[in-house]
Amino acid sequence: MKLCIFCITYNHGPFIAQALDGFLAQKTNFDFQVVVADDCSTDNTAEVLRLYAEKNPGRLTVILNETNKGQQLNFSNTYDACISQYIAFCEGDDYWTDPYKLQKQADFLDANPDYVLVYHNVEVKFEGNSCEAYLYCKSTQSGISETSDLLKNGNIIPSCSSVFRKECISEVPEWVKTLGMSDWPFNFLLSRQGKLRYLNEVMGVYRLHSGGNWSANNSVKNNQMVIEAYRAFLKNIHLTPEEKNICKSRMSFIRNRIYADLLLQKRKKEAGAFLIKRVTEDPLYIFNIRFLKNIKHYLTTK
């Protein structure tokens, strides 16, 4: 099989049909398979998936977990079920808007063997249009990215936009399964094996809603997950001295952001506990916090 569309879903009843329609609308000169796994949703997600599977036999493979396995295990199990040259990823609450998306990305990888992943821009939309939509990738986004870009700037790749070579990661490493996120560590591992290409086209929508894996969390929890990912990189990947320094610098900055965020949210007890823990780990940290005058800096700077 040339390509598998890899989709995990949980309680995406209001959204999953739009995701599936975007998959099935793809126009390609090659065969592709849709593999979607529902993690024992409590809404009507499974019902929608069964209906689509009946209407699209042989094109849509549906995995219905009988118990909730959690995002990471559902991710790894579904990834294992995708047997193809290329993998396209999209969660069940996001969707694609360009019917030629897969063809464009597969053509690029076919013609450029030194690249391991190709991605594009997406529109970020808020539930109920509660906030103005915006583009995920900035106008300054480089056309070519490497490991250092992912370390310095975090996950610059929209999760619903990537197509990559399956051979580069045959199975999900155990340490990735322990993290609170999958896409950024996954993209990081891919970047160790080749270049990443950005196509400056908007070909999908990343949806922010109260039930989303990332958007449902508060900023403190999300930043804590980012720190966990940096720790995992340092522990499990052979990094260059420069890359290690980038990780440590970013971790320090994000810790300051967490502390500032706790103060702004008036979560004084948590802020105090956080500060005590940091000073216990590193007594010199108190000198960093003492001069934390511009809290807004840590909340608005990446």
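Notes on the structure in this doc start here. Here, residues in each chain are numbered from 1, in the same order as that chain's written sequence. Given that this is a predicted model, residues contribute local features only at a pLDDT of at least 70 and side-chain atom pairs are listed and counted only at 80 or more, while totals for whole chains, interfaces and linings are drawn from all residues. To obtain the side-chain values, all non-hydrogen atoms of the structure were used and water was disregarded.

When you go through the chain residue by residue, the secondary structure sums to 12 helices and 10 strands. A globule of 302 residues ought to have a C-alpha radius of gyration of about 19 Å, and the chain, at 20 Å, matches this closely. Along the longest, intermediate and shortest principal axes, the C-alpha atoms of the chain span 60 × 45 × 35 Å. For the chain, with 302 residues in total, the buried portion stands at 51%. Throughout, a residue-residue contact means that at least one pair of heavy atoms, one from each residue, lies within 4.5 Å. The long-range fraction of contacts in the chain, counting pairs at least 24 apart against all pairs at least 6 apart in sequence, stands at 78%. Methods summary: accessible areas were calculated by the Shrake-Rupley approach with a probe of 1.4 Å, and residue burial reflects only the protein chains presented. A total of about 14,600 Å² of accessible surface is found on the chain, and carbon and sulfur atoms cover 50% of it. Lys and Arg are tallied as positive, Asp and Glu as negative. Neither His nor the chain termini are counted. Charge coordinates come from a single atom per side chain, which is NZ of Lys, CZ of Arg, CG of Asp or CD of Glu. For the chain, the separation between the mean place of its 36 positive charges and that of its 33 negative charges on side chains is 9 Å. Counting from the N terminus, the helices are the DSSP runs of H or I reaching at least four residues and the strands are the DSSP runs of E reaching at least two. Restricting the calculation to C-alpha atoms gives the radius of gyration, and the globule rule supplies 2.2 Å times the number of residues raised to the power 0.38. Buried residues are those whose accessible area, probed at 1.4 Å on protein chains only, stays under 20% of the maximum for their type, while exposed residues exceed 50% and partly exposed ones sit between those limits.

By definition, a disulfide links two cysteine residues through a covalent bond between their sulfur atoms. Here, the term disulfide refers to a pair of cysteine sulfur atoms separated by no more than 2.5 Å. Summed over the entire model, instances satisfying the criterion amount to zero disulfides. Between Cys 7, a cysteine without a disulfide, and Cys 90, which holds the nearest cysteine sulfur, the sulfur-to-sulfur distance is 6.0 Å. Unpaired in terms of disulfides, Cys 82 finds its nearest cysteine sulfur in Cys 4, a separation of 4.6 Å.

Its location among the elements puts Ser 76 in helix H3 (residues 71-80). With relative accessibility at 2%, the residue Ser 76 sits in the buried group. With residues up to four places along the chain from it excluded, the contact list for Ser 76 reads Val 172 and Lys 177.

The next point concerns empty space enclosed by the protein. Whether a set of points on the 1 Å grid over the protein atoms alone is a cavity depends on a 1.4 Å probe fitting there but being unable to get out, while an open set qualifies as a pocket with protein on both sides within 12 Å along at least five of seven lines; lining residues are those with an atom within 4 Å of a point. Grid points are joined across faces, edges and corners, and a volume is the space filled by probe spheres set on the points. Across all of its chains, the model carries one cavity of 30 Å³ or more by this definition. The computed volume of the largest cavity comes to approximately 70 Å³. Residue lining of the largest cavity: Phe 6, Phe 75, Phe 89, Ser 159, Ser 162, Phe 164, Asp 183, Phe 186 and Asn 187, and that is the complete set. Of the residues in the lining of the largest cavity, the class split is five nonpolar, three polar and one charged. Under the scheme applied here, ten amino acids are nonpolar (Ala, Val, Leu, Ile, Met, Phe, Trp, Tyr, Cys and Pro), four are charged (Asp, Glu, Lys and Arg), and all others, including Gly, are polar.

For strand E2 (residues 32-38), a buried count of seven out of seven residues is recorded, marking the element as mostly surrounded by other parts of the structure. Residues Phe 32, Val 34, Val 36 and Asp 38 of E2 are buried on one face, and the alternating residues Gln 33, Val 35 and Ala 37, pointing to the opposite face, are buried as well. By this definition, two strands are paired if DSSP reports at least two bridges between them. Summarising the sheet, strand E1 (residues 3-9) and E2 pair through seven bridges and their orientation is parallel. Residue pairing for E2: Leu 3 is matched across the bridge by Phe 32. Chirality of the crossover, the property in question, places the unit of E1, helix H1 (residues 16-24) and E2 among those that are right-handed. When the strands point away from the viewer and the connection leading from the first strand across the helix to the second strand turns clockwise, the crossover is called right-handed.

Our next topic: helix H7 (residues 183-191). The element H7 is extensively covered by neighbouring structure, given that eight of its nine residues are classed as buried. Listing the buried residues of H7 in full gives Trp 184, Pro 185, Phe 186, Asn 187, Phe 188, Leu 189, Leu 190 and Ser 191.

Where E2 lies against strand E3 (residues 60-64), five bridges are found, and the strand directions are parallel. Each bridged residue has a counterpart across the sheet, and for Asp 38 the counterpart in E3 is Leu 64. Between the parallel elements E2 and E3, the chain passes through helix H2 (residues 45-55) in a crossover that is right-handed.

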